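One letter stands for each residue in the lines below.
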There are 4 protein chains.
Amino acid sequence: METTTAPTDEHVRHGYTTNKDALLKRIARIEGQVRGIGRMVDEEKYCIDILTQISAINAALHKVSLGLVEDHVSHCVVDAAVRSQETGDQSIVTEKVTEVTAAIGRLLR
Amino acid sequence: METTTAPTDEHVRHGYTTNKDALLKRIARIEGQVRGIGRMVDEEKYCIDILTQISAINAALHKVSLGLVEDHVSHCVVDAAVRSQETGDQSIVTEKVTEVTAAIGRLLR
Amino acid sequence: METTTAPTDEHVRHGYTTNKDALLKRIARIEGQVRGIGRMVDEEKYCIDILTQISAINAALHKVSLGLVEDHVSHCVVDAAVRSQETGDQSIVTEKVTEVTAAIGRLLR
Amino acid sequence: METTTAPTDEHVRHGYTTNKDALLKRIARIEGQVRGIGRMVDEEKYCIDILTQISAINAALHKVSLGLVEDHVSHCVVDAAVRSQETGDQSIVTEKVTEVTAAIGRLLR
């Protein structure tokens, strides 16, 4: 899905790598929360308490998503804007904007 | 948070235990999906692909939530309705309905 | 979609009628909010401010939905539970629970 | 909240104006849908049918939001990117990206 590019270019495109450690910690915490609801089901805890935990996981995933959207727009889209300004090729921007909008649309559902 | 009751009563109250194995498998799969996005971040995959994966996790968690809501209403709320009919104490039902509605409200956010 | 029944039965089934006036006021306010974003678009207001308004409408609609779910469970589902207890026909409850769960599922999307 | 600027600049900044008529039509349709649920409540229609209608309104509002996000990113953020490239002032972009991310975050809740 991803075209292989030189490492330096990768770092320009993949903005989240700047906060990679923080992001990985957050995702590891969410993984632990999901394992936690597995344990709650196994121990036959009260449904409502499990639902509350799932809401917490949803909120944590939303934060991760938002962080990725922010990084993507500030790196990938902005990059495309500058390149399209230099080359006069507007389609680079349109493509990136359409792509991130579609991704946000999937998150909203 | 949960009052300790006899095992048999627990099983009446905690309806999800009937599909416990299927539910545990689903949760284990979600845990794997979360671990997967950790790996994607670590390997600096494309943001949009990670966002798509998060949308899939959201959808999977929604399904788990819905299953728990369905089990809870069909066991816990229905149970309370029958007991309140027998005892004439309406408050048992009101409490359960308020509780599940609040849980759904947290999921909607 | 709806089977026509005698007025009294309607009132038992349609629990929201108890707070009908409050509910109608809330919906009228949401209608005004939607008209408001139309006006904002017409006057070419700042996108972000319109998005903020839409978030407020989403929240208001969520509250209306939750109120309807609560009324539905406390009237319709509880009613079905009592009737199924009397008649021994469990399918009445199952049908109602499946129906409300599907409705909640559509709201979660 | 909005700084008053010359009309031409407005049109650059407020990208949604290009599809203004289509957008206004969509919003008018949503207004009608909200009025419709008011009528359903007034006529004491079945809760589940009203909930289904609310889900349709949610989906319609999501589409409007997404359209506004797309226009905002492709105009406002891209504009800021180009200006910041010209002036060397990165803060213009950062501000715009933070602003749109916050708006998306409010939609996700």
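Just so we're clear, the structure is a prediction, and the values are computed from it rather than from any experiment.

For the rest of this paragraph, the subject is the overall build of chain A. Across its full length, chain A carries four helices and zero strands. Secondary structure of chain A in N-to-C order comes out as α-α-α-α. Considering chain A as a whole, with its 109 residues, one finds that 51% of them fall into the buried category. Considering only intrachain contacts with a sequence separation of at least 6, the fraction spanning at least 24 residues in chain A is 46%.

Looking now at the relation of the copies chain B and chain A. Relative to chain A, chain B is turned by 180° and slid 0.0 Å along the rotation axis, the superposed coordinates differing by an RMSD of 0.0 Å. Interpreted geometrically, this transformation is the action of a two-fold axis. Using C-alpha coordinates, one finds that chain B approaches the rotation axis most closely at Glu-31 of chain B, a distance of 2.8 Å. Counting the interface residues of chain B, we find that 100% of their copies in chain A are interface residues as well, pointing to one common contact surface.

Turning to unusual backbone geometry, a few remarks are in order. At Glu-44 of chain C, a residue that is not glycine, the phi angle is positive and equals roughly 55°. Judged by relative accessible area, which is 14%, Glu-44 of chain C ranks as buried.

Next up on the list: the packing of helix α3 (residues 47-87) of chain A against helix α4 (residues 91-108) of chain D. Look at α3 of chain A against α4 of chain D: their axes get within 10 Å of each other, and the N-to-C directions meet at 150°. Handedness of the crossing formed by α3 of chain A with α4 of chain D: right-handed. Residue-level contacts link His-62, Leu-66, Val-69, Glu-70, Val-73, Ser-74 and Val-78 of chain A of α3 of chain A to Val-93, Val-97, Thr-98, Thr-101, Ile-104, Gly-105 and Leu-108 of chain D of α4 of chain D. Here the contact of α3 of chain A with α4 of chain D is composed, by residue class, of eight nonpolar, five polar and one charged.

This brings us to the interface of chain A and chain D. Of the residues lining the interface, 20 residues belong to chain A; the matching set on chain D comes to 20 residues. Regarding the contact of chain A and chain D, the summed buried area is about 1,900 Å², with carbon and sulfur atoms giving 81% of it. Viewed at the interface, chain D and chain A are joined by zero salt bridges. Every element with two or more residues in the side of chain A that touches chain D is listed here: α3 and α4 (91-108) of chain A.

Each value, and the rule that gives it
- Residues numbered from 1 in each chain as written.
- Chains lettered and ligands numbered in written order.
- Predicted model: local features only at pLDDT ≥ 70, side-chain atom pairs only at ≥ 80, totals over all residues.
- Heavy atoms only, no water.
- Helix = DSSP H or I, 4+ residues; strand = E, 2+ residues; numbered from the N terminus.
- Buried < 20%, exposed > 50% of the residue type's maximum accessible area, 1.4 Å probe, protein only.
- Contact = heavy atoms within 4.5 Å.
- Least-squares fit on C-alpha atoms with pLDDT ≥ 70 in both.
- Axes fitted to C-alpha atoms, helices over the stretch in contact; angles between N-to-C directions.
- Left-handed = near helix turned anticlockwise from the far one by under 90°.
- Nonpolar A, V, L, I, M, F, W, Y, C, P; charged D, E, K, R; others polar.
- Buried area = accessible area lost by both parts, 1.4 Å probe.
- Salt bridge = Lys/Arg side-chain N within 4 Å of Asp/Glu carboxyl O.

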